[in-house]
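Tertiary structure, described
So the chains spell out like this:
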Amino acid sequence: MTVSSATPAIETRGLVKHYGSVVAVDHLDLRIAPGEVFGLLGPNGAGKTTTILMLLGLTEPTAGTVRVCGLDPRHQALDVKRLVGYLPDDVGFYDDLTAIENLTYTARLNRLDRATADRRIAELLGEVDLTDAGDRRVGTFSRGMRQRLGLADALVKDPAVLVLDEPTVNIDPEGVRELLTLVRSLSIERGMTILLSSHLLHQVEQVCDRIGIFVAGRLRACGPIAKLAAGVEAVWTIEVGIEGDEGLGGLALQSIDGVTRVERTAGRWIVAADRDVRGEIAGVVVQRGWTVTHLQRLGADLDAIYHRYFEEATDVRVA
């Protein structure tokens, strides 16, 4: 199922949620385009889950508006649920039922006919690499297997939007890699809109088109990694590996407008610039018939971005 490109997949305006005197979400303005993978990044207790619950119509805002695929979750909750797949941080399954039986139950709740359900379940088990475990009881599954089954469960209805709330918590590194690969493929191959909530910095960086840094109920910054990084450091430090330059790469790199310094360290060039010159670096190297073997910005990684905004925030924490 798809959403018109003219309609935001998710949009909030002035969204507020109070729990008594505590402000869980503080005037959130957010717009996520169809097909985008958006990372909602923040520490535990920042208000991410509260935001998701309002998007799903599972709790009502104190103020402001929410639209999911153009629908209001407060008044059109069932319609929203038909369009949105949701994977919470701890998926609930019937442990005494098999993976196929659990997915079949979800398909019935979504009113899929048996033939469609059987076909879709077989396809999804293949996508999440659980075909051989389809007849096993879910109570025997590892945490990683349960999360992959949870992803299949969220996709049974063929949603337009997929919401993942801390999907990689307590999963081993290989399980994390597999899950993130699946998430990215859903965007690339299906054009699915994905909202990924997490406190794990580099996992979000791997799969998201844009990131919103969410601290103490407020969206502190939002944009692509490169844009957020540019706001952290005025100076760009770029590490470059060049094959075939015979030591002349330094002169070529120094000729690029905006480059202020070039040094040779451990077989690589370190370039300082007042802006992002990675595109120009690649162009200069290729133009001279050399090969770029390494090109990476140093210094302002996602940790630096995250902690800048985290340190500026107050100490308020809300679940």
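Notes on the structure follow. (Residues numbered from 1 in each chain as written. Predicted model: local features only at pLDDT ≥ 70, side-chain atom pairs only at ≥ 80, totals over all residues. Heavy atoms only, no water.)

**Quick notes on the pairing of strand E8 (residues 210-215)**
Condition: Burial here depends on accessible area, computed with a 1.4 Å probe over protein chains only, as a share of the maximum for the residue type. Under 20% is buried, over 50% is exposed, and the range in between is partly exposed. Only DSSP runs of H or I with at least four residues qualify as helices, and only runs of E with at least two residues qualify as strands; both kinds are numbered from the N terminus onward. Any two strands with at least two DSSP bridges between them are considered paired.
In terms of burial, E8 is a largely internal element, six of the six residues being buried. Side chains Arg210, Gly212 and Phe214 of E8 all project onto a buried face; the interleaved residues Ile211, Ile213 and Val215 project onto the opposite face, where all are buried too. The sheet contact formed by strand E3 (residues 37-41) and E8 spans four bridges and is parallel. Looking at the pairing, phenylalanine 38 lines up with arginine 210 of E8. Alignment of E8 against strand E9 (residues 218-223), held across five bridges, turns out to be antiparallel. In the strand pairing of E9, glycine 212 is matched with cysteine 222. Once E8 ends, the chain turns through two residues before running back antiparallel as E9, passing alanine 216 with a positive phi of about 50°.

**Brief notes about the sheet that holds strand E12 (residues 268-273)**
The cut-off we apply is this: Axis definition: a line fit to C-alpha positions, over the contact stretch in the case of helices; interaxial angles, taken between N-to-C directions, run 0 to 180 degrees.
Ordered by their spatial adjacency, four strands build an open sheet running E11-E12-E10-E13, and the pairing between neighbours is antiparallel. Unpaired on one side and paired on the other, strand E11 (259-265) and strand E13 (291-298) mark the two borders of the sheet. Averaged over all adjacent pairs, the angle separating strand axes in this sheet is 20°, with direction ignored. Relative to E12, strand E10 (residues 236-243) runs antiparallel, the two sharing five bridges. The partner of threonine 237 across the bridge, within E12, is alanine 272.

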